[in-house]
Amino acid sequence: MSLTKVQFMPNEPSASYQVQVWTSAVDGEPSLIDTSEWISGYDMDMQMYNVVDLAEGIEIDWTTELWFGYRIVTPTGNPAGTDPGP
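The paragraphs below set out a description of the structure included in this document. All values reported here derive from a predicted model rather than from experimental measurement.

Here is what the cut-offs are and how they apply
Residues numbered from 1 in each chain as written. Predicted model: local features only at pLDDT ≥ 70, side-chain atom pairs only at ≥ 80, totals over all residues. Heavy atoms only, no water. Helix = DSSP H or I, 4+ residues; strand = E, 2+ residues; numbered from the N terminus. Buried < 20%, exposed > 50% of the residue type's maximum accessible area, 1.4 Å probe, protein only. Contact = heavy atoms within 4.5 Å. Areas by Shrake-Rupley, 256 points an atom, 1.4 Å probe, with all protein chains shown as cover. Phe/Tyr/Trp six-rings, centres within 6.5 Å; stacked < 30°, edge-to-face > 60°. Core = buried A, V, L, I, M, F, W, Y, C linked by side-chain atoms within 4.5 Å.

Comments concerning the overall build of the protein chain
Scanning the protein chain from N- to C-terminus turns up zero helices and five strands. Beginning at the N terminus, the succession of helices and strands in the protein chain can be written as β-β-β-β-β. Across the 86 residues that make up the protein chain, the buried fraction comes to 28%. Considering only contacts in the protein chain between residues 6 or more positions apart, those separated by 24 or more positions represent 72%. Carbon together with sulfur atoms contributes 50% to the accessible area of the protein chain, which is approximately 5800 Å² in total.

Details of the packing of aromatic side chains
Under the counting rule described, the total for this entry stands at four aromatic pairs. Taking the centre distance of 5.3 Å and the plane angle of 75 degrees together, the rings of phenylalanine 8 and tyrosine 42 count as edge-to-face. Residue phenylalanine 8 is found in strand S1 (residues 2-8), and its partner tyrosine 42 is found in the loop between strand S3 (30-34) and strand S4 (50-59); the two are separated by 34 residues along the sequence. In this structure phenylalanine 8 comes out as buried when scored by relative accessible area, which is 5%. Through a chain of ring-to-ring contacts, three or more aromatic side chains come together here, namely Phe8, Tyr17, Tyr42 and Tyr70.

Looking at the nonpolar core
Counting twelve residues, the largest nonpolar core consists of Leu3, Val6, Phe8, Ala15, Tyr17, Val19, Val21, Ile39, Val52, Leu54, Ile58 and Ile60. For this core, the secondary structure elements donating two or more residues are S1, strand S2 (16-24) and S4.

Side note on the environment of leucine 32
Its place among the elements puts leucine 32 in strand S3. Each C-alpha atom, one on leucine 32 and one on leucine 66, is 9.8 Å from the other, the two residues being 34 residues apart in sequence. Ignoring any residue separated from it by four or fewer positions in sequence, one finds leucine 32 in contact with Gln20, Val21 and Trp22.

A closer look at the environment of tryptophan 38
Positionally, tryptophan 38 belongs in the loop between S3 and S4. Given the relative accessible area of 37%, tryptophan 38 is considered partly exposed. Each C-alpha atom of the pair tryptophan 38 and isoleucine 72 lies 9.6 Å from the other, and the pair is 34 residues apart in sequence. In this structure tryptophan 38 touches Ser16, Tyr17, Gln18, Arg71 and Val73, once residues within four positions along its chain are discounted.

Description of the environment of isoleucine 60
Positionally, isoleucine 60 belongs in the loop between S4 and strand S5 (66-73). Separated by 37 residues in sequence, isoleucine 60 and threonine 23 have C-alpha atoms that sit 8.8 Å apart. Not counting residues within four places of it along the chain, the set of residues in contact with isoleucine 60 comprises Met1, Ser2, Leu3, Val21, Ile33, Leu66 and Phe68.

Right under this line is the structure:
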């Protein structure tokens, strides 16, 4: 199987976002299995989730425990979706 789309809410115009996938390891520590694709072509509307097609699917083993996330590189601001809180 492969991961072909991601959904996220960007919040910082100067940030770069990269998809990352981890799997469980024998010793219980997560193991990073892919960091190959930087996300592009998303809408910077800070109140909207973006569904982004990945240029190349990330191969995953559906029989193992998986975690999906992002590497975010930013010189300033709050790069992920935020709200004003309670």
